[in-house]
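Now for the letters of each chain:
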Amino acid sequence: MDDNFEIPSDVLDQIQNNIQNIIENFDIPDANKMEVIKKINFMYTQTKQMSITDTLTKLFNRRHFENEFEREFRRNKRYNNDLSIAIIDIDFFKKINDTYGHSCGDYVLREVAFLIKNNFRQTDTVFRYGGEEFVVLLTETPQQTACVPLERLRKLIENNKFLFNNQEIKVTISIGTTSKTDFENAQSMFDLADKALYEAKNNGRNQTRQLI
């Protein structure tokens with residue numbers, strides 16, 4: 001069995017609706033019937049949350065990012081709202097794993113995820129994109145102000161004390177961001193932010209690059 005297999009959210013919705021219909025047609029007392037439905041709904045909510053959550057960092061996962069980004073991009077097109085996206089990469093993460101072990105790497109991922117999530121507004125959404133990469137969707141955020149929380153985050157992580165087995169580990173991040181939304185599709189906007197990240201890494205890392 002593939003441990004990375006995830007049930008799509010829309011499939012979970014269909015399953016939940018079908019189960020509820022089945023229970024309602026059971027020949028059992030209504031009081032018991034409602035209790036069963038409540039338990040199933042609770043289990044459904046937990047399962048659905050797990051399907052969009054990264055196990056290690058407890059952030060939203062890549063699949064949920066792709067759905068949310070597409071939705072926000074379309075909303076931007078329709079209402080002309082401000083939208084910014086940032087891709088964050090932990091610098092030299094492979095070296096951390098090779099030097100201190102994968103348990104340390106997992107610790108760094110969890111700590112960085114915590115710092116990222118607590119650095120932004122509740123209206124912004126943070127995702128673990130994969131490996132040591134994270135993505136932030138900054139809604140209602142124009143290009144003039146997008147770099148402010150990103151630079152604050154970069155400095156926060158640079159100055160944070162990461163301690164693993166009583167050993168301090170230096171951690172920095174590189175960030176690529178864009179607020180350019182006049183593309184035909186969301187992927188093109190993502191690719192521009194990814195290009196900005198490449199420039200940040202190619203020019204020395206531990207910096208934020210914005211392309212517009």
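Model, not experiment: these values are computed from the prediction.

Asks: How would you explain the overall build of the protein chain if you had to name every residue and give the values?
Replies: Scanning the protein chain from terminus to terminus reveals seven helices and seven strands. The secondary structure elements of the protein chain, listed N-terminal to C-terminal, are α-α-α-β-α-α-β-β-α-β-β-β-α-β. By residue count, 42% of the 212 residues in the protein chain fall in the buried class. In the protein chain, of all internal contacts separated by at least 6 residues, the share reaching a separation of at least 24 is 66%. With an accessible surface of roughly 12,700 Å², the protein chain has 48% of that area assigned to carbon and sulfur atoms.

Asks: I'd like a description of the packing of helix H4 (residues 93–100) against helix H5 (residues 102–119), backed by residues and values.
Replies: Across the interface, H4 lies against H5 with an axial gap of 6 Å and an inter-helix angle of 140°. Judged by the inter-axis angle, H4 sits oblique to H5. In this structure, H4 uses Phe-93, Ile-96, Asn-97 and Tyr-100 to contact H5, whose residues at the interface are His-102, Cys-104, Gly-105, Val-108 and Leu-109. Of the residues contributing to the contact of H4 with H5, the split by class is six nonpolar, three polar and no charged.

Asks: An account of the sheet that holds strand E2 (residues 125–130) is requested, with residue identities and associated values reported.
Replies: With mixed pairing, the five strands of this open sheet are ordered in space as E2-E3-E1-E6-E7. At either margin of the open sheet sits one strand with a lone partner, and together these are E2 and strand E7 (208–210). Across the sheet, the axes of successive neighbouring strands diverge by a mean angle of 20°, strand direction being ignored. Looking at chain direction, strand E1 (residues 83–90) and strand E6 (residues 173–178) are connected through six bridges and run antiparallel. By the bridge assignment, Asp-89 is partnered in E6 with Ser-174. Packed onto the sheet, helix H3 (residues 62–79) meets E1, E2 and strand E3 (133–139) and runs at close to 25° relative to E3.

Asks: Let's hear about the packing of H3 against helix H7 (residues 186–202): which residues, and what values?
Replies: Where H3 contacts H7, the two axes come as close as 9 Å, and the packing angle between them is 110°. By the angle between their directions, the pair H3 and H7 is classed as roughly perpendicular. Counted together, Phe-65, Phe-69, Glu-70 and Phe-73 of H3 and Ala-186, Met-189 and Phe-190 of H7 form the full contact between these two elements. Broken down by class, the residue content of the contact of H3 with H7 amounts to six nonpolar, no polar and one charged.

Asks: Can you break down the nonpolar core residue by residue, with the values?
Replies: Membership of the largest hydrophobic core comes to 28 residues, with the highest contact counts inside it found for Ile-90, Val-108, Val-112, Ile-116, Phe-134 and Val-171. Examining the composition of this core, we find that eight residues originate from one element, H5, more than from any other. Apart from the residues lying within four places of it in its own chain, the contact partners of Val-171 are Ile-90, Ile-96, Val-108, Val-112, Ile-157, Glu-158 and Phe-162. Formed by 19 residues, the second largest nonpolar core is a distinct cluster that contains Phe-69, Ile-85, Leu-137 and Ala-186.

Asks: Tell me what's going on with the side chain of Asn-119, and back it up with residues and numbers.
Replies: Inspection of the secondary structure puts Asn-119 in helix H5. Sequence-distant contacts of Asn-119, defined by excluding residues within four places in its chain, comprise Pro-149, Arg-152 and Leu-153.

Criteria and cut-off values
Residues numbered from 1 in each chain as written. Predicted model: local features only at pLDDT ≥ 70, side-chain atom pairs only at ≥ 80, totals over all residues. Heavy atoms only, no water. Helix = DSSP H or I, 4+ residues; strand = E, 2+ residues; numbered from the N terminus. Buried < 20%, exposed > 50% of the residue type's maximum accessible area, 1.4 Å probe, protein only. Contact = heavy atoms within 4.5 Å. Areas by Shrake-Rupley, 256 points an atom, 1.4 Å probe, with all protein chains shown as cover. Axes fitted to C-alpha atoms, helices over the stretch in contact; angles between N-to-C directions. Parallel < 35°, antiparallel > 145°, perpendicular 65-115°, else oblique. Nonpolar A, V, L, I, M, F, W, Y, C, P; charged D, E, K, R; others polar. Pairing = 2+ DSSP bridges. Core = buried A, V, L, I, M, F, W, Y, C linked by side-chain atoms within 4.5 Å.

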